[in-house]
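Structural overview for review
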Amino acid sequence: MSISLKNVSKLYGEQKAVNNISFEIKTGEIVGFLGPNGAGKSTTMKMITTFIPQNSGEILVSGINTLDNPIEVKKRVGYLPEHNPLYTDMYVKEYLTFLARLYKLKDSKNRVKEMIQSVGLEKEQNKKIGALSKGFRQRVGLAQSILHNPDVLILDEPTSGLDPNQLVEIRELIKSFGKDKTVLLSTHIMQEVEAICDRVIIIKNGEIVADDNIINIKNNKNKEQVIKVTFDEKIDPTIFKSKNIIAKEIDKENWLFSSVSVTDLRKEIAKIAQQNDYLILEMNTEKDNLESIFKKLTK
Ligand SMILES: Nc1ncnc2c1ncn2[C@@H]1O[C@H](COP(=O)(O)OP(=O)(O)OP(=O)(O)O)[C@@H](O)[C@H]1O
Ligand SMILES: [Mg+2]
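Residues numbered from 1 in each chain as written. Chains lettered and ligands numbered in written order. Predicted model: local features only at pLDDT ≥ 70, side-chain atom pairs only at ≥ 80, totals over all residues.

**Section: the environment of Pro70**
The condition is simple: Going along the chain from the N terminus, every DSSP run of H or I of four or more residues is numbered as a helix, and every run of E of two or more is numbered as a strand. Neighbour density around each residue's C-beta defines its exposure: 20 or more other C-beta atoms within 10 Å make it buried, 12 or fewer make it exposed, and counts between make it partly exposed, where C-beta atoms are placed from the backbone.
Mapping Pro70 onto the fold places it in helix H2 (residues 70-76). Among the residues examined, Pro70 registers 17 C-beta atoms within 10 Å and is labelled partly exposed. Sequence separation between Pro70 and Lys204 is 134 residues; the distance between their C-alpha atoms is 27 Å.

Right under this line is the structure:
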């Protein structure tokens, strides 16, 4: 296991910011870490990257204990913190070269060049970091986190502030990095999770409420069927009541039906409509997306 957390808790005074969480992430996995504001995502990431210690529980990164051997863990981890701190008085290329030397990288010149290209900083490389726009600063942070080619990458909201073109490129970069490494990234963008993650961990009030691959989360965790139906005239919704079907009006002819008990909601609606002389013009199953599942699990 590249990352392993066992019964980890973090207290801030009285508050349990992270409450007895456990999970494991294997090499080659890209895991999306989701949760509402204040759920404990950044706190968990700070503990994995050894920036703050946990109060109880055990964290291993590439088999190394974070409390016993933080330096060895840091060598293997790339970290993009939430409020990415940078030396604003240094120039982009100068800063990355400085870091490459700190890491004692062999071919630091070429590595820096490669990183600048990967994150699209060619034009900005000779500017002072303090003069960069938000998205470009984020790119410097990303370049910095991948520079030493770590085994494990921890990215706290990596694409916040990026423009749509750059978003696609950075997501591709993270995806290609994740092929033979381990990536844990937090985000509030559900499309991002669907685009790059194999698995999601959802945290709420410091506790894990879901941990599964995306397909399972979308299929199993939610047995409710929802169907949108268009009729040729306004209907009387009470005709569906006896079957425990909930009817919600969108507008005069369009209705949203939901049920947790009916086996096939489409068949049932068609049957009842026919019995009552209503003509169905259109019927569509509302696909559950990650966003609605997230809302259900974290409300
Ligand atoms: N240094 C600190 N001192 C006191 N409380 C803290 C500290 N850092 C975090 N907290 C609290 O711990 C809880 C979890 O915060 P955390 O930053 O981990 O949330 P998050 O899931 O990253 O949220 P967001 O999506 O807003 O970034 C919050 O209630 C926060 O106020
Ligand atoms: Mg955070």
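**What about the pairing of strand E6 (residues 77-80)?**
Worth spelling out the cut-off: At least two DSSP bridges between two strands are required for those strands to pair.
Every second residue of E6 is oriented toward a common face, with Val77 and Tyr79 on one face and Gly78 and Leu80 on the other, all of them buried. Two strands pair when backbone bridges link them, and E6 and strand E7 (residues 152-156) are joined in this way by 4 bridges, in the parallel orientation. Bridge pairing in E7 places Tyr79 opposite Ile154.

**Some words on the site of ligand 1**
What counts is decided by this rule: Using a C-beta atom placed from the backbone, a residue is described as near a molecule or strand when that atom lies within 6 Å of it. For this scheme, ten residues count as nonpolar: Ala, Val, Leu, Ile, Met, Phe, Trp, Tyr, Cys and Pro. Four count as charged, namely Asp, Glu, Lys and Arg, and the remainder, Gly too, count as polar.
In the vicinity of ligand 1, the contacting residues are Tyr12, Ala17, Gly35, Asn37, Gly38, Ala39, Gly40, Lys41, Ser42, Thr43 and Glu82. Tallying contributions element by element places helix H1 (residues 41-48) first for the shell around ligand 1, with 3 residues. When its residues are assigned to classes, the shell around ligand 1 shows 3 nonpolar, 6 polar and 2 charged.

**A short note on the nonpolar core**
Keep this limit in mind: Nonpolar cores are built from buried Ala, Val, Leu, Ile, Met, Phe, Trp, Tyr and Cys residues. These are joined into a set through C-beta atoms within 7 Å. It is the C-beta atoms, placed from the backbone, that decide contacts: two residues are in contact if theirs lie within 7 Å.
Grouped together as the largest cluster of nonpolar side chains are 61 residues, with contacts concentrated most on Val31, Leu96, Ala143, Ile154 and Val183. Setting aside residues up to four positions removed in sequence, Val31 forms contacts with Ile25, Val183, Leu184, Cys197, Arg199, Val200 and Ile201. Ranked by size, the runner-up nonpolar core spans 8 residues in total, among them Ile235, Ile245, Trp255 and Phe257.

**A look at the domain arrangement of the chain**
Rule in force here: Throughout, the edges of the domains are those of an automatic or database domain assignment.
As assigned here, the chain comprises domain 1 (3-218) and domain 2 (225-298). Inter-centroid distance (C-alpha atoms) of domain 1 to domain 2 is 42 Å. Contacts between the two partners involve 12 residues from domain 1, matched on the other side by 8 residues from domain 2. Contributions of two or more residues to the side of domain 1 that touches domain 2 are made by helix H7 (190-196), strand E9 (199-204), strand E10 (207-213) and helix H8 (214-219). Among the elements that make up the side of domain 1 that touches domain 2, the one with the highest residue count is H7 (3 residues). When grouped by side-chain class, the residues that make up the side of domain 1 that touches domain 2 number 8 nonpolar, 1 polar and 3 charged.

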